[in-house]
Amino acid sequence: MNAPVRFQSLTVSDLAISAGETTIVRDVAFTLAQGRPVTLLGASGSGKSLVAHAIMGSLPTGLSARGAITLDGEDLLAGSPAQIRARWGRTIAILPQEPWLALDPTMRIAGQVGEVHQYLHGLGSADTTTRMRSDLAEVGLGDRAQAYPHELSGGMCQRAAIAVTHAAGASLLIADEPTKGLDAALRDGVVTRLRQEVEQGRLLLTITHDIAVAGALGGMVGVMHDGALVEFGPAEQVLEAPRHDYARALIAADPAKWPSFPLPAAGEAVVSARGLAKRFGERALFEGLDVSVRRGEIVAIVGPSGCGKTTVGNILLGLVAPDHGAVERAAGLAPTRFQKLYQDPPAAFAPHQTVRQSLGDLLKLHGLDWARAEASMARFGLGRELLDRRPNEVSGGELQRFAILRALLLDPVFLFADEATSRLDPVSQKDVFAILIEAVRERGLSLLMVTHETALAEMVARRILTLGSPENP
Amino acid sequence: MSIADATLVPITQRAWLTPSRRAGIALLGVLAAFALLGPLLVSVDPTEQDLAASLAPSGADYWLGADHYGRSMLVRLAYGAQLSFGMALLTVATAALPGILLGLLAAWRGGWLERILDLASTVLLALPGLLLVLILLAFAPGTFGPLYLGLALTLWIEFYRVTRVTAAGVLRQPHVEATQLLGFGTGYILRSLVLPEIAPILITLSAFAMSTAIIAISTLSAISVGLRPPTPELGAMVVELLPYYAEAPLHVLMPGVLIFLLVLGLQLATRSDVR
């Protein structure tokens, strides 16, 4: 095999992406040089993923890119589909978001790395084994070669995916939301790994909505908003002293920088549980757990993924039955006054119904007036044009605000927010929490939030319940 | 790979009326016009014989010719198409209604009810469908009742099984849980959340069941256990005319072609796009 080519720079200039007549991404220009990784920050729907697809040459049908994207003098926008495909994996590799879904679940890691050498580079079996070993050792998975993806943690899967791209020999890496769904400790591991890629001379373009990731990666940071690159510069400069309004809002939306807020004293307990225990198969999630949430209180449950945080909330809502223990609700409350917000906003709405239909049905069921919904929409910054869209045509932040609006229409006393902002960009996260905190203060709502972000929990919650399972590090 | 910027990409309305659906609906329309208008244009009894016109070719007197008893082929084919399509529609409706309702019930309730229904459907599935029809036909040969009942009894199982599995998949999704928390009842969830999601697959399944029913009715009539002559049934017509194949080959082919076009039209009209 030839020594992998190391590229010097990727230059994007005047990039515009249009769908038919409408331009949806415009004025994108940046240079990605060796040792200076580029990180694009922005909300979902800001066009940052489309930029990555334009570089890959994998824009969805119906979209076309104009401008210039050059990798060491080679024009990436020109070329036949076959030439573009020939670059995939060999020259440019994309690190998938949620890599545990991108790896083959029925194949050991060794095989998944080995097949790249065997079939892409046409090596013999002895060479394949040697190279596979060194690829896996390089990302620190040398001793886990025989593991299946489900036996690895999220961070390890991410590293296995990186080993596959090393095997292919790609020197331009595009990491699309590499830390999505990972908790803080795993996130740091992935960022360290990406830094090492840069140090080894690979070009790295990262797409994320996590400001902490952008800060840790260093290099250059670009901020995208409404399809345009509104700010681009060295990481320190952009993150410390952003010039554009949206960039400022984005940086200020980091939970660590939120202003603190007062809450009235908590009232009587709305829901309380004693001696909860739950097992899934052989594994005990928790035993002898006591939880109670009082009126007007914000309680957070934090802990590593898989420790049963969500299960606690679901038990309090009566959606899951505990193995032991009892849940007690305050007397005289209708069941519909206990509500839940979901991690993935589109999943909480019927996919074939427009927002207007689902909201209308709810108002009709409870004999409520459209005027109330419209008033809340105006308050939550939700435009009327969103009503006639289906859930997958509305951005995550807006849809989560619709979910809150829907829950608040029923005048809830208890709201369980299950990672309600983990898939949202920082600005949307801040908006969502502003609405929730206001509801807690004005209506005496009790909020139980589950999160893997300790900074967020410390900022918002008045009480933090840490769940940890030694069996699941 | 998913596109995180999905909200930016303009929605391309997936056309419901795809070319294949358009062709299928047009074909079914033409066949329906033929079946309904044919007898009006040529107001002749399909059993009226005129032995002088035996095996007459297509012409001014008999547009599509006449069979060996001199009966108008056009009228017999039109009645045959009406009969096949009508019977298939009735049979499939009778099979689909309980199949879908029981499937929804099993998916919703689960537990012992689901197990009992599964057991019943498995037992019925173990019986060859045609055998069941033959057993029932033995009680009243040559009549429509047992034919219809036997086919419906074998066809409902597919509706039950597909509905149960797909509905259970929808019911596990978070939006159903959210809807329950918002206070909606079972009826709303099944009617407004589950049915629209599983409707496309049920429509495809109905087309297959209709095709199965049309072919089964023709086949059984062709082997003289279904409907009997002189009823103008397409399968029976093929068999009746077969001895005269040498003199009038087109006459034998016509009922077969009509069955083929009916089934093709159904399949095209309900074909869904490959994603």
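So, here is what we can say about the structure in this document. (Residues numbered from 1 in each chain as written. Chains lettered and ligands numbered in written order. Predicted model: local features only at pLDDT ≥ 70, side-chain atom pairs only at ≥ 80, totals over all residues.)

1. Some words on the environment of B:A207
Thought 1: Mapped onto the elements, B:A207 comes out in helix α7 (residues 186-222).
Thought 2: Along the sequence, B:A207 and B:A178 sit 29 residues apart, while their C-alpha atoms lie 34 Å from each other. (Helix = DSSP H or I, 4+ residues; strand = E, 2+ residues; numbered from the N terminus.)

2. A word on the packing of helix α6 (residues 154-168) of chain A against helix α7 (residues 184-199) of chain A
Residue and element names in this part refer to chain A.
Thought 1: Between α6 and α7, whose axes approach to 9 Å, the crossing angle comes to 20 degrees. Between α6 and α7, the angle is such that the two are roughly parallel. With respect to the hand of their crossing, α6 and α7 are arranged in right-handed fashion. Facing G154, G155, Q158, R159 and I162 of α6, the residues of α7 in contact are L186, G189, V190 and R193.
Thought 2: Here the contact of α6 with α7 is composed, by residue class, of three nonpolar, four polar and two charged. (Axes fitted to C-alpha atoms, helices over the stretch in contact; angles between N-to-C directions. Parallel < 35°, antiparallel > 145°, perpendicular 65-115°, else oblique. Left-handed = near helix turned anticlockwise from the far one by under 90°. Contact = placed C-beta atoms within 7 Å. Nonpolar A, V, L, I, M, F, W, Y, C, P; charged D, E, K, R; others polar.)

3. Describing the pairing of strand β6 (residues 92-95) of chain A
Residues and elements named next belong to chain A.
Thought 1: Burial of β6 is two-sided: the residues I92 and I94 facing one way and the residues A93 and L95 facing the other way are all buried.
Thought 2: As paired elements, β6 and strand β7 (residues 172-176) share four bridges and run parallel to each other. Among the inter-strand pairings, A93 is bridged to a residue of β7, identified as L173. (Buried ≥ 20, exposed ≤ 12 C-beta atoms within 10 Å, placed from the backbone. Pairing = 2+ DSSP bridges.)

4. Concerning unusual backbone geometry
Thought 1: The phi dihedral of A:D27 falls on the positive side, at around 55 degrees, and the residue is not glycine.
Thought 2: Position of A:D27 among the secondary structure elements: in strand β2 (residues 22-33).

5. Comments concerning the sheet that holds strand β14 (residues 324-329) of chain A
All names here are of chain A.
Thought 1: Taken together, three strands build an open sheet; the order of strands is β12-β11-β14 and the sheet is antiparallel. The open sheet has two edge strands, β12 (283-294) and β14, and neither has a second partner. Each strand axis lies, on average, 10 degrees off the axis of its neighbour in the sheet, ignoring direction.
Thought 2: Judged from the five bridges that link them, strand β11 (residues 269-280) and β14 form a sheet pairing that is antiparallel. By the bridge assignment for β14, A277 is matched with H324.

6. Observations concerning the interface of chain A and chain B
Thought 1: Tallying the contact residues gives 34 residues for chain A and 24 residues for chain B.
Thought 2: Mapped by element, the contributors of at least two residues to the side of chain A that touches chain B are β2, α1 (48-56), β15 (338-341) and α12 (355-365) of chain A.
Thought 3: The leading source of residues in the side of chain A that touches chain B is α12(A), at three residues.
Thought 4: A breakdown of the residues in the side of chain A that touches chain B according to their chemical character gives 16 nonpolar, 13 polar and five charged.

7. Quick word on the pairing of strand β1 (residues 9-19) of chain A
Residues and elements named next belong to chain A.
Thought 1: Examined bridge by bridge, β1 and β2 share eight bridges and lie antiparallel to one another. In the sheet register, S18 faces β2, and the bridge partner there is T23.
Thought 2: The pairing of β1 with strand β4 (residues 63-71) spans eight bridges and is antiparallel. If you follow A16 over to β4, its bridge partner there is R66.

8. Section: the nonpolar core
Thought 1: Grouped together as the largest cluster of nonpolar side chains are 122 residues, with contacts concentrated most on A:L447 and B:A213.
Thought 2: By residue number, the principal contributor to this core is helix α2 (residues 73-109) of chain B, which donates 18 residues.
Thought 3: Residues within four places of B:A213 in sequence aside, it is in contact with B:M87, B:A88, B:T91, B:V92, B:L151 and B:L155.
Thought 4: Residues A:V25, A:V38, A:V213 and A:L239 belong to the second largest nonpolar core, which totals 77 residues. (Core = buried A, V, L, I, M, F, W, Y, C linked by C-beta atoms within 7 Å.)

9. Observations concerning the sheet that holds strand β17 (residues 446-451) of chain A
Residues and elements named next belong to chain A.
Thought 1: Ordered by their spatial adjacency, five strands build an open sheet running β15-β16-β17-β13-β18, and the pairing between neighbours is parallel. The open sheet is flanked by β15 and β18 (463-466), the only strands paired with a single partner. In this sheet, adjacent strand axes meet at a mean angle of 20 degrees when their direction is disregarded.
Thought 2: Across five bridges, strand β13 (residues 298-302) lies against β17 in parallel orientation. By the bridge assignment for β17, V299 is matched with L448.

As far as function goes, none of this settles anything; it's purely spatial.
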